[in-house]
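Listed here are the chains, written in short residue letters.
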Amino acid sequence: MKVRNVLLLSFLALLLISLFQRAGVWFAYRNQMQKAEATLAACFKETFTLVTDAQVNRLPYPEGTVTHIVYAPDSLHLDIENRQLHYAEQTSAVLQDGYGLPETSLDSLRLTLTAVLQREGVTGSIYIRKLDAATGRTLQTSPTGVPLPDKGIGVLTSPRALLHPQKGIAVEAIADLHYFDHPSNLLFPGLTFLITGLLIGAIALRMRLLQRLRRDIGRQCEDFYQLAEQMSQPVRRMQVCLHASRWTEARQQGQQVLSDTEATLTRAKQENARLRSRRTTWLRRLSWGMVPLAFVLPALWAGYIYHEQWRALNREVQVCIEEAFAEENALRHSRSLDVNHLRGTRKSHITGMTDYFHHQMDSLLTILYRKTTDEKGNTSYAPAFPGSVSEIYVSHQSMNLSEGTRLFRAYGTQQLVNQRPVVVPLDTLRLDSLFRAALTDAGLKTPGGIRIVRPATGQVVRQTAHAVPRWGSLVTTPLRLADDGAVCVQGVVPTPERLILRSAWYLFVPLGLTFAFCLLCIGLLWRAWRQQRRLEQFRKDFTYSMIHDMKSPLQTILMGTQIMESGRLADKPEKADKIVRAMNDECARLLTLSGRVVMLTQMDRGELELHPVPVSLLPLFNDLASKFRLKASKPVEFDIVCPESLCATADAFCLREVLSNLIDNAVKYSGPSVRIRLEAEATADGTLHIKVRDNGIGIPLNQQMKIFGKFERIASGSRTTGASGFGLGLNFVWQVVQAHGGNIAVQSREGSGSEFTVSLPSPILR
């Protein structure tokens with residue numbers, strides 16, 4: 001594939017992943033802001049209630065003194081949270097008008113709200129703004145002199161609370177969450193995008209290097225083709241000179257061919273050195289350096305997201321167990337009133353009333369209650385407006401902000417229940433049901449349970465079915481069942497993995513796509529590296545083969561001509577004949593190589609002309625066997641199975657070259673002792689099958705489809721046997737057989753020899 005196409009597809013994939021990431025980050029921001037806004041609203045209402053309660057508790061009255069009453073009509077349809085705020089707003093006005101206290105301090109609101117928000121896991125800069133509720137005009141801010149943040153990313157505003165409903169003075173909180181300060185929001189997505197971009201760049205650079213390598217190898221092969229074609233005539237002239245004992249002319253011809261070979265080798269070595277430059281080494285190190293980052297960064301990002309979601313869900317589970325605990329204590333309190341016969345009696349914690357309370361009751365009695373008289377003259381009061389009335393009293397008990405108002409009230413209710421003569425025990429099964437219902441209401445559709453523990457020893461007193469924690473479970477902080485904290489209750493969600501993944505799917509999906517893209521890029525890098533290694537090995541083997549199969553024969557011929565020209569072997573005819581035969585063999589070897597290259601070139605150009613004639617196979621097999629027994633450097637045995645009358649219709653020279661090449665490979669890629677079986681048979685459909693089987697090293701399965709390609713060789717074979725060659729032989733065989741209208745197949749198993757089958761059509765039977 002072209003580099004341009006790879007880059008285009010990669011950038012399109014990267015753009016798509018970037019869009020998914022941006023969508024996921026936006027979705028995460030929207031969800032995070034929605035949750036933070038709800039948390040800010042709830043915490044601000046809680047804070048306003050806490051601060052006004054603190055003002056009441058600082059009044060100079062004894063513990064349990066009722067200061068005033070507050071009223072919430074049913075027509076407002078207030079839930080518990082908003083009813084408490086409504087009570088706090090009335091209390092703020094009463095403290096100003098009835099007790100002469102100043103307005104609630106903005107700094108106290110800000111500091112308390114900051115602590116409450118931190119307990120809920122929300123951090124940032126908090127501002128309190130006092131304003132005119134009618135016009136929205138800012139009257140005062142806290143901190144003083146610090147400009148309020150403009151509305152934008154990560155800036156939230158709470159609902160308003162009235163400092164004085166009659167005067168129309170309100171306060172609200174503004175939270176700047178510093179959204180971009182969190183590393184998960186920009187750092188990890190930016191880094192992963194950078195890494196994927198660098199991976200694409202590394203792939204592009206490596207593919208360009210591959211293209212250059214292919215071009216250089218192509219030029220090297222073209223130089224070899226040209227050299228092999230031009231070598232034919234000088235080698236033939238050299239062969240003639242050898243036969244005529246003209247040693248000087250033969251040496252001059254050999255030097256000319258050797259000079260051309262040296263020039264080709266020099267150009268190849270220069271190209272090799274250029275491709276092994278420092279820049280390509282730096283590129284390799286850079287591309288592989290991206291691999292660990294491509295794994296580490298997405299893993300870190302996934303771990304960070306998972307951990308943050310775990311923390312967020314753990315806080316939600318904590319809220320659920322606190323709500324269930326508070327509701328269970330309220331039910332226990334109601335049951336305790338009945339058991340101890342206290343319903344309808346005066347509350348035990350009420351010790352007295354202030355003058356303002358009496359004045360308020362005198363004022364509101366005729367408004368809130370309707371006076372009725374029965375037939376006997378008894379007077380009673382009935383509510384004039386349906387609603388809830390609550391008494392506000394002084395309590396010097398300080399509240400722990402780290403626990404919050406929900407637990408503060410729940411512990412207070414629990415203390416009242418535990419101090420009564422008949423104690424109503426905690427209903428574990430009911431608390432478990434309330435906890436699971438709270439989980440469902442919060443959207444956490446996952447099994448959960450509770451367990452009673454002793455924190456000091458870690459002993460589990462009892463637990464429900466889904467309360468067995470394991471690694472990674474959501475476990476809440478212990479809630480005290482007694483003042484000493486010896487026995488506590490915990491909420492447990494044992495298997496939150498699916499819940500966590502489902503709650504942040506919009507972040508995990510782009511992350512998974514990014515990881516898959518990184519894997520694809522690494523796969524492409526690995527493939528390019530494999531191709532580069534293969535091409536570099538091919539270039540190395542090709543250069544070695546030029547030296548071994550072209551330069552070495554020429555050097556042997558030149559050395560022989562020098563010896564013969566010097567006359568030193570004039571009195572040693574046997575040794576001289578041996579040297580001459582060796583020089584003639586080397587010339588024949590070079591001519592065979594040149595002829596094979598010329599024929600391949602003709603076939604590539606479509607210029608090869610075949611001259612099919614009947615060729616008797618048995619004499620051809622016997623002749624080839626005799627030839628290879630003589631020329632082989634190791635013992636070779638032949639088994640020939642062929643009917644005497646069997647002939648093939650083929651180009652005699654080409655068929656001989658095909659079989660010679662197959663036998664030569666069988667000798668090359670075998671051990672010290674070679675056994676070759678030559679077999680020919682004709683089938684009923686008129687097809688001739690010629691088989692060449694050896695006992696050599698065999699061909700690995702993953703290379704059997706490659707060996708017929710041009711310049712392809714068995715790498716393991718050259719390492720095992722030391723055999724050299726350009727990898728043209730089997731390609732030559734394949735092309736010649738195809739030109740005859742036949743085909744060639746191989747069956748082999750590594751270490752158990754190989755069998756090549758040449759199938760030709762229309763044999764001639766005599």
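Preceding this section is the structure that the text describes.
Below you will find a few notes about this structure. All of these numbers come straight from a predicted model, not from anything done at the bench. Each chain carries its own residue numbering, running from 1 in the direction its sequence is written. Two thresholds apply to this predicted model, a pLDDT of at least 70 for residue-level local features and 80 or more for giving and counting side-chain atom pairs, whereas whole-chain, interface and lining totals are computed over all residues. With hydrogens and water stripped out, all remaining heavy atoms of the structure feed into the side-chain values.

### As for the packing of helix 14 (residues 652-668) against helix 16 (residues 729-739)
Helix-helix packing is described using two parameters, namely the angle between the two axes and the distance between the axes. What counts, and what does not: The axes are straight lines fitted to the C-alpha atoms, using for helices just the contacting stretch, and the angles between their N-to-C directions are given from 0 to 180°. Put simply, DSSP marks the helices as runs of H or I at least four residues long and the strands as runs of E at least two long, and each gets a number from the N terminus on. What makes a crossing left-handed is the near helix being turned counterclockwise from the far one by less than a right angle; a clockwise turn instead makes it right-handed. Here a residue-residue contact requires only that any non-hydrogen atoms of the pair lie within 4.5 Å. Residues are grouped as follows: Ala, Val, Leu, Ile, Met, Phe, Trp, Tyr, Cys and Pro are nonpolar; Asp, Glu, Lys and Arg are charged; every other residue, Gly included, is polar.
The geometry of helix 14 relative to helix 16 is characterised by a closest axis approach of 10 Å and an angle of 145° between their N-to-C directions. For helix 14 against helix 16, the interelement crossing comes out left-handed. Side by side, helix 14 and helix 16 meet where Cys 654, Glu 657, Val 658, Asn 661, Leu 662 and Asn 665 of the first sit next to Gly 729, Leu 730, Phe 732, Val 733, Val 736 and Val 737 of the second. For the contact of helix 14 with helix 16, a count of residues per class yields eight nonpolar, three polar and one charged.

### Thoughts on helix 16
What counts, and what does not: Relative accessible area decides the class of each residue, using a 1.4 Å probe on protein chains only: under 20% of the type maximum gives buried, over 50% gives exposed, and in between gives partly exposed.
Here helix 16 lies mainly inside the structure; eight of its eleven residues are buried. Within helix 16, the full set of buried residues consists of Gly 729, Leu 730, Asn 731, Phe 732, Val 733, Gln 735, Val 736 and Val 737. In the segment just after helix 16, Gly 741 is the residue with positive phi, at about 85°.

### Considerations on the packing of aromatic side chains
Rules: Working definition: rings of Phe, Tyr and Trp (its six-membered ring) pair if their centres are within 6.5 Å, and the pair is stacked with planes under 30 degrees apart, edge-to-face with planes over 60 apart, and tilted otherwise.
Evaluation of the coordinates by the stated rule reveals eight aromatic pairs. A centroid spacing of 4.9 Å and a plane angle of 40° characterise the contact between Phe 27 and Tyr 506, whose relative ring orientation is tilted. Here Tyr 506 lies in helix 11 (residues 505-566) and Phe 27 lies in helix 1 (residues 3-57), a separation of 479 residues in the sequence. With a relative accessible area of 23%, Phe 27 lands in the partly exposed category. We classify Tyr 506 as buried; its relative accessible area is 7%.

### A closer look at the pattern of salt bridges
Spelled out, the test is: Whenever a carboxyl oxygen of Asp or Glu lies within 4 Å of a side-chain nitrogen of Lys or Arg, that contact is scored as a salt bridge.
Applying the stated criterion across every chain, the model contains 22 salt bridges. Note that Arg 311 is salt-bridged to Glu 308, the shortest N-O span being 3.4 Å. One end of the pair, Arg 311, and the other, Glu 308, are both in helix 6 (residues 278-339), three residues apart, so they sit about a helical turn from each other. Residue class for Arg 311 comes out partly exposed when judged on its relative accessible area of 37%. Looking at Glu 308, the relative accessible area reads 27%, which means it is partly exposed. As a salt-bridge pair, Asp 664 and Lys 668 come within 3.8 Å of each other at their nearest N and O atoms. Taken as a pair, Asp 664 and Lys 668 lie in helix 14 at a separation of four residues, close to a single helical turn. A cluster of three or more residues bridged by salt bridges with shared partners is formed by Glu 46, Arg 119 and Glu 120.

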